[in-house]
Amino acid sequence: MHDNGMKKKLPIGIDDFCKIRIEGFYYVDKSGLIRDLLNSWGEVNLFTRPRRFGKSLNMSMLKAFLEVGCDKSLFEGLEISKETQLCEKYMGQFPVISISLKTVHGSNYEFAKNELCTIIAKEALRFQFLLTSEKLTDHEKNLYRQLIKVDESLKSAFAMSEATITSSLNTLSRLLEKHYGRKVIILIDEYDVPLAKANERNYYDKMIDLVRNMLDAALKSNQSLYFAVLTGCLRVSKESIFTGLNNPKTYSLLDAECEERFGFTDADVRQMLDYYGLSGYYDTTKEWYDGYRIASTYVYNPWDVINWCNQLITNPDKRPKSYWKNSSGNEAVKKFIRRMGNGVTKAQIERLISGDTVQKKIEEQLTYHTMYDSVENMWSLLFATGYLTPDGRPEGNLVRLKIPNNEVRDIFSDFILELFEEKVAEDGALVTEFCNALKSGDTAEVERVFTKGMGKTISIRDTAVRKEFKENFYHGLILGIMFFKSDWGVTSNRESGDGYYDIQIEIEEEGIGIVIEVKYAEGGDLDLACKEAMDQINKNNYTAELKEDDMNIIFKYGIACFKKKCRVVCEKEECVSE
């Protein structure tokens, strides 16, 4: 364990700027966003970034800086504090309405509408002084009461008519402006989550109408608005959501403005690793969590870096893994992989998995209702959600795309292997043939059947991806076949002897043990790779556990793979009981 003394805590899952600053959590300074935003100016500003890239934290920071009653000490020592004139003009000068729509994901329209009511009402309740404001009329106070009214029949939900929801942000803006004598700033985080969830759950048309009308009233027909900021994963097409609005100033993944303000830069990550005494893990951190290109800047996924550092502090032997995958759904990749052979070619996926690129037309304005309708839309969706990133500058609307890092490559690989397992399940003969060959030491048959199985999925090209990933992929294919042999004891990547074997099998009823080491044959030399695999088994005594478990016959397999070719060698060892 690293001795970190009284180092600052890492903000795992915390997106409240004030809490991070007040309670002394580690903070990567993104306050320059405030200057960039105010200097470039747009009445309605939309930032599109993948999930877990710091959107909510940045919105919380904007609220803390701009809102009346700002605690100026929160910004001491940060980049924005150097902008004296800007701070004097804007800091703590505005009423701010701030909502996040990330929790609007009801199973049907009524539930989702109630979730939206609750969010609006909770925000409105922050301004209860409006009920006693001498500047508001009784009628205006009654309008405010409609925003905080509780429907007792629903208990936990706030009841509003659709008309009240539609006008809610506009109404609250007008009341706040009249009370303060200042125009209002509106912040809407994750504006597109309700649309994504509605699309998944078949009430998209109703939800798009509700959200469109609410945004129209808040952002277009609102004389009390000073400016607004929205965040989301996608820039939902103007025809679908921003109908009637003046074109919002959009900061997309291809725009240079504010390119360093979401995600961690290389300098941010080096500084964090150094602070926690983890500088020796820089290369691994970069390979796994860097590679997302925004305009000309490469950034890391903040969620991953923070979780990875937190685990290294307590367990320096921890291997990197995908934190992003488990933080939300990955439907876009799943659906994309399942289109393989139906508009998406195996060759395209093979090139991406192997570290190569594909050039595609990118449409930055999508609709959730149609994003899976065509393969072209799916390429754009994978780009917008961070699963693919630009490699070089766009050529018009053509963008050369690649998988950004090892983490996302693992996500693709997992779903490819999942699809492979489904295909294996449809071919019961393949499992039987492979397992019978393994337990009899028939290397020619193992080669034949495994080659047949590899034909059901993609291959790994001999390009930029590290050998470790390639070996893990073919290792996964073998496990995908073994998964269906329920009466065999199959384990993977466990310690035995002086190292960690790839795959171990115990067939207790027959007293047969099998240990398998998988190698990727760089350059195609399958024989050499097989020899290396077998040498590793023998040198590290991988059969130790099988012998302890009284296996009478042990088969040691070295399996070498290159693209869709394999070579198998086997040594048989008979154990004589003493």
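Residues numbered from 1 in each chain as written. Predicted model: local features only at pLDDT ≥ 70, side-chain atom pairs only at ≥ 80, totals over all residues. Heavy atoms only, no water.

This part is about a negative patch on the surface. Side chains of Asp 487, Glu 508, Glu 509, Glu 548, Asp 549 and Asp 550 sit close together on the surface and give a patch of like negative charge. Glu 508 sits in the exposed class, given a relative accessible area of 64%. (Patch = residues over 30% accessible without salt bridge, like charges linked within 9 Å, V, L, I, M, F, W, Y side chains within 5 Å. Areas by Shrake-Rupley, 256 points an atom, 1.4 Å probe, with all protein chains shown as cover. Salt bridge = Lys/Arg side-chain N within 4 Å of Asp/Glu carboxyl O. Lys, Arg positive; Asp, Glu negative; His and termini not counted. Charge placed at Lys NZ, Arg CZ, Asp CG, Glu CD. Buried < 20%, exposed > 50% of the residue type's maximum accessible area, 1.4 Å probe, protein only.)

Before going further, it helps to examine the nonpolar core. Across soluble globular proteins, you tend to see nonpolar side chains buried next to one another. Of all hydrophobic cores here, the largest spans 133 residues; its most connected members are Met 207, Phe 412, Phe 450, Ile 514 and Ile 516. Other than its neighbours up to four places away in sequence, Ile 516 contacts Leu 438, Ile 478, Asp 502, Ile 503, Ile 505, Tyr 557 and Ile 559. (Core = buried A, V, L, I, M, F, W, Y, C linked by side-chain atoms within 4.5 Å. Contact = heavy atoms within 4.5 Å.)

Here we take up the confidence of the model for the chain. Mean pLDDT over the chain: 90, with 94% of residues reaching 70 or higher. Note that residues 152-157 has pLDDT below 50 and, in this model, eight contacts with residues that lie over four places away or in other chains. (pLDDT = per-residue confidence, 0-100.)

Our focus in this paragraph is helix 2 (residues 32-40). For helix 2, the buried fraction is high: seven of the nine residues fall into the buried class. Three or more residues of helix 2 are buried, namely Gly 32, Leu 33, Ile 34, Arg 35, Asp 36, Leu 37 and Leu 38. Turning to helix 2, the residues buried within the fold contact strand 1 (44-48), helix 3 (55-66), helix 4 (84-90), strand 4 (225-232) and strand 6 (249-251). (Helix = DSSP H or I, 4+ residues; strand = E, 2+ residues; numbered from the N terminus.)

For the rest of this paragraph, the subject is the sheet that holds strand 9 (residues 358-361). With antiparallel pairing, three strands are arranged side by side in an open sheet as 9-12-11. One side of each edge strand has no neighbouring strand; the edge strands of this open sheet are strand 9 and strand 11 (389-390). Bridge count between strand 9 and strand 12 (residues 398-402): four bridges; the pairing is antiparallel. Considered in strand 12, the bridge of Lys 361 is made with Leu 398. Lying over the sheet, helix 14 (residues 346-353) contacts strand 9 and strand 12, oriented at roughly 115° with respect to strand 9. Contacting strand 9, strand 11 and strand 12, helix 15 (residues 375-384) crosses the sheet at an angle of about 110° to strand 9. (Pairing = 2+ DSSP bridges. Axes fitted to C-alpha atoms, helices over the stretch in contact; angles between N-to-C directions.)

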